[in-house]
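Single-letter residue listing:
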Amino acid sequence: MENKLHIHPIFDTDSHTVTYVVWDDATKKSAVIDSVLDYNHKNVATTTILADQVVAFIETHELDNQWLLETHMHADHISASTYLQEKIGGKKAIGAEITNVQKYLKEAFDLTEQFKTDGSQFDHLFADGETFMIGSISAKAIHTPGHTPADMVYEIDGVLF
């Protein structure tokens, strides 16, 4: 059976963020890119409305989630990767340069020793050029500093995220 990448975007109107569910049609293995936990700054409360749409999509299409990929540390929304990991599984991953961002934030905001700067909040830290698989589809993590010093682009079957 030929590899066939499928892409399903879910748009968050509050943060203007697109969460992508991508999957290999041959193996039904999937990855979620840039998940969103809904945050209401006026009420200082979070909801899982958008994340639950991701869960429903994964379950409806009987996908086996392998990855929860972050392209960067987000200031425009809170990641739902921890919530999604509990619901649909997958390794939380981001670029290895996140440790430099964490060190900067710890110093800039005078955060306590409890704020870890070693990337241990993630299951995997990608090196520039590192390859990985989503089912039988090859993917590559590419370090693209700009928005933050730790930005990553994921090239999956010729498509850039």
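Throughout what follows, the structure given in this document is the object of discussion. (Residues numbered from 1 in each chain as written. Predicted model: local features only at pLDDT ≥ 70, side-chain atom pairs only at ≥ 80, totals over all residues. Heavy atoms only, no water.)

**Topic: the sheet that holds strand β9 (residues 131-134)**
With antiparallel pairing, four strands are arranged side by side in an open sheet as β9-β10-β11-β12. Strand pairing shows two members of the sheet lacking a second neighbour, β9 and β12 (159-160), which therefore form its edges. Pairing geometry for β9 and strand β10 (residues 137-143), over four bridges, is antiparallel. Residue pairing across strands places methionine 133 opposite serine 138, the latter belonging to β10. (Pairing = 2+ DSSP bridges. Helix = DSSP H or I, 4+ residues; strand = E, 2+ residues; numbered from the N terminus.)

**Here we look at helix α2 (residues 81-88)**
Within α2 the residues assigned to the buried category are Ser81, Leu84 and Ile88. Axial view of α2: buried residues confined to an arc of 60°, hence all on one face. In this fold, the buried residues of α2 make contact with β3 (29-33), α1 (49-60), β6 (64-69) and β7 (91-95). Immediately beyond the C-terminal end of α2, within one or two residues, lies glycine 89, with a positive phi of roughly 80°. (Buried < 20%, exposed > 50% of the residue type's maximum accessible area, 1.4 Å probe, protein only. Arc of directions from axis to C-beta. Contact = heavy atoms within 4.5 Å.)

**Structural notes on the pairing of strand β11 (residues 152-156)**
With four of five residues buried, β11 is to be regarded as a mostly interior element. Two elements, β10 and β11, share five bridges in a ladder whose sense is antiparallel. Its bridge partner being in β11, lysine 140 is matched across the sheet by glutamate 155.

**Observations concerning the packing of aromatic side chains**
With the rule as written, the count across this model stands at seven aromatic pairs. Between phenylalanine 132 and tyrosine 154, the ring centres sit 6.1 Å apart and the planes meet at 90°, which makes this aromatic pair edge-to-face. Of this pair, phenylalanine 132 sits in strand β9 while tyrosine 154 sits in strand β11; the two residues are 22 residues apart in sequence, bridging distant segments of the chain. (Phe/Tyr/Trp six-rings, centres within 6.5 Å; stacked < 30°, edge-to-face > 60°.)

**What to know about the sheet that holds strand β1 (residues 5-12)**
Judged by pairing direction, the sheet is mixed, and its six strands sit side by side in the order β1-β2-β3-β6-β7-β8 without closing on themselves. In the strand order of this sheet, the two ends are held by β1 and β8 (124-126), each with one partner. On average, adjacent strands in this sheet sit at an angle of 25° to one another, irrespective of strand direction. Judged from the five bridges that link them, β3 and β6 form a sheet pairing that is parallel. Across the sheet, residue alanine 31 finds its bridge partner in β6, namely tryptophan 67. Across the sheet, α2 touches β3, β6 and β7, and the angle it forms with β6 is around 170°. (Axes fitted to C-alpha atoms, helices over the stretch in contact; angles between N-to-C directions.)

**Some details on the pattern of salt bridges**
By the definition in use, this model includes two salt bridges. Where lysine 29 meets aspartate 64, a salt bridge forms, and the shortest distance between an N and an O atom there is 2.5 Å. Separated by 35 residues along the polypeptide, lysine 29 in strand β3 and aspartate 64 in strand β6 bring together distant segments of the chain. Residue classification places aspartate 64 among the partly exposed residues on the basis of a relative accessible area of 38%. The shortest N-O distance in the salt bridge between glutamate 113 and lysine 106 comes to 3.7 Å. Taking the relative accessible area as the measure of exposure, lysine 106 reaches 16% and is therefore buried. (Salt bridge = Lys/Arg side-chain N within 4 Å of Asp/Glu carboxyl O.)

Keep in mind that these numbers describe shape and distance, not what the molecule does.
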